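Okay, here's what each chain looks like letter by letter:
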Amino acid sequence: MKNGNLMKLAGCTAIALLVAFAGSGHIHLPGHGTWENKNFEEAVVNHVSSQLPHGEKAEFGSKFLCEDYKENGEVRFSANVIYYVVSRNGAKEKHIAHVVCNEDKNRIIEWKENSNATH
């Protein structure tokens, strides 16, 4: 086989492998993590906002101790989050919660407030 044909064969093989891995969910394309992070932040803010009775606003702070794992064959994402409840007069109250959501990070499955961490 000539060098040019060998290079074409290698290129086709690489593309076929890339397509196979992408289709199996084992590879993430550029930007994948960005929209997942936005999904997660939005899910947290929406969850907190739905619990606020007096016109306060929710702000996402940060996440830590993040972990992907499988439960009953489904991928889950677990993290501790810091979020803030902002009163109408602008005062911020810090909260920490443990959150479990689906693989795409757009649906909260479990929420456990850390009552010792409110400041």
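Scroll up for the structure.
No experiment lies behind these values; they were computed from the predicted model shown. (Residues numbered from 1 in each chain as written. Predicted model: local features only at pLDDT ≥ 70, side-chain atom pairs only at ≥ 80, totals over all residues. Heavy atoms only, no water.)

## Notes on the sheet that holds strand β4 (residues 108-113)
The strands making up a sheet are joined through hydrogen bonds of the backbone, oriented either antiparallel or parallel. Rule in force here: A strand pair is defined by DSSP finding two or more bridges across the two strands. Helix and strand assignments follow DSSP, with helices taken as H or I runs no shorter than four residues and strands as E runs no shorter than two, numbered in order from the N terminus. Interaxial angles span 0 to 180 degrees and are taken between N-to-C directions of axes, which are lines fitted to C-alpha atoms, for helices over the stretch in contact.
Spatial ordering of the open sheet is given by β1-β2-β3-β4, a layout of four strands whose pairing is antiparallel. Pairing within the sheet leaves two strands with one partner each, and these edge strands are β1 (57-71) and β4. Averaged over all pairs of adjacent strands, the angle between their axes in this sheet comes to 20°, without regard to strand direction. With eleven bridges connecting them, strand β2 (residues 74-86) and strand β3 (residues 92-102) associate as antiparallel partners. Following the sheet pairing, Asn 80 is matched in β3 by His 98.

## Remarks on the pattern of salt bridges
Heads up, the rule is: Salt bridge, as applied in this entry: a Lys or Arg side-chain nitrogen positioned within 4 Å of an Asp or Glu carboxyl oxygen. Only protein chains enter the calculation, and the probe is 1.4 Å; a residue is then buried if its accessible area is under 20% of its type maximum, exposed if over 50%, and partly exposed in between.
Counted by the stated rule, this structure contains three salt bridges. In this structure, Glu 36 engages Lys 105 in a salt bridge whose closest nitrogen and oxygen atoms are separated by 3.5 Å. A residue pair is termed long-range when its members are at least 10 positions apart, and Glu 36 in helix α2 (residues 32-49) and Lys 105 in the loop between β3 and β4 qualify at 69 residues. Given the relative accessible area of 9%, Glu 36 is considered buried. Judged by its relative accessible area of 8%, Lys 105 falls in the buried class. The salt bridge involving Arg 76 is made with Glu 74; its shortest N-O contact spans 3.2 Å.

## Notes on the environment of Arg 76
Basically, it comes down to this: When checking whether two residues touch, look at their non-hydrogen atoms; a contact exists if any pair is within 4.5 Å. Identification of polar contacts relies on pairs of N or O atoms within 3.5 Å, with a donor-acceptor requirement for protein atoms, meaning one able to donate a hydrogen and the other able to accept it, and with residues adjacent in sequence counted only if both atoms are side-chain atoms.
As for its placement among the helices and strands, Arg 76 is situated in strand β2. Overall, Arg 76 belongs to the buried group, its relative accessible area being 11%. The spatial distance from the C-alpha of Arg 76 to the C-alpha of Ile 108 is 9.9 Å, given a sequence separation of 32 residues. Not counting residues within four places of it along the chain, the set of residues in contact with Arg 76 comprises Glu 67, Asp 68, Tyr 69, Glu 71, Val 100, Cys 101, Asn 102 and Ile 109. Reaching out from Arg 76, the side chain makes a polar contact with the side chain of Glu 74 at a distance of 3.2 Å.

## Quick notes on the pairing of β1
Relative to β2, β1 runs antiparallel, the two sharing twelve bridges. Looking across to β2, one finds that Ser 62 is bridged to Ile 82. The loop that links β1 with its antiparallel partner β2 comprises two residues; one of these, Asn 72, has a positive phi angle of about 55°.

## A look at a negative patch on the surface
Here is the rule: Like-charged residues are merged into a patch within 9 Å and nonpolar side chains (Val, Leu, Ile, Met, Phe, Trp, Tyr) within 5 Å, provided each residue has over 30% relative accessible area and no salt bridge. Here the accessible surface of atoms and residues is derived via Shrake-Rupley with a 1.4 Å probe, and residues count as covered only by protein chains that are part of the display. Lys and Arg are tallied as positive, Asp and Glu as negative. Neither His nor the chain termini are counted. Here the site of a charge means atom NZ of a Lys, CZ of an Arg, CG of an Asp or CD of a Glu.
Where like charges cluster on the molecular surface, the negative patch consists of Glu 67, Asp 68, Glu 103 and Asp 104. Along the polypeptide, Glu 103 turns up in the loop between β3 and β4.

## Observations regarding the packing of aromatic side chains
As a reminder of what qualifies: When two rings of Phe, Tyr or Trp (its six-membered ring) have centres within 6.5 Å they constitute a pair, described as stacked for plane angles under 30 degrees, edge-to-face for angles over 60, and tilted for the intermediate range. Lysine and arginine charges are scored as sitting over a ring when NZ or CZ, respectively, is within 6 Å of the ring centre and within 35 degrees of the ring normal.
Going through the model one piece at a time under the given rule, you end up with three aromatic pairs. Here the aromatic residues Phe 40, Phe 60 and Phe 77 are joined through ring pairs into a cluster of three or more. Lying across the ring of Tyr 84, Lys 92 places its NZ or CZ 5.4 Å from the centre. Above the ring of Phe 77, the side-chain terminus of Lys 105 is found at 4.1 Å from the ring centroid.

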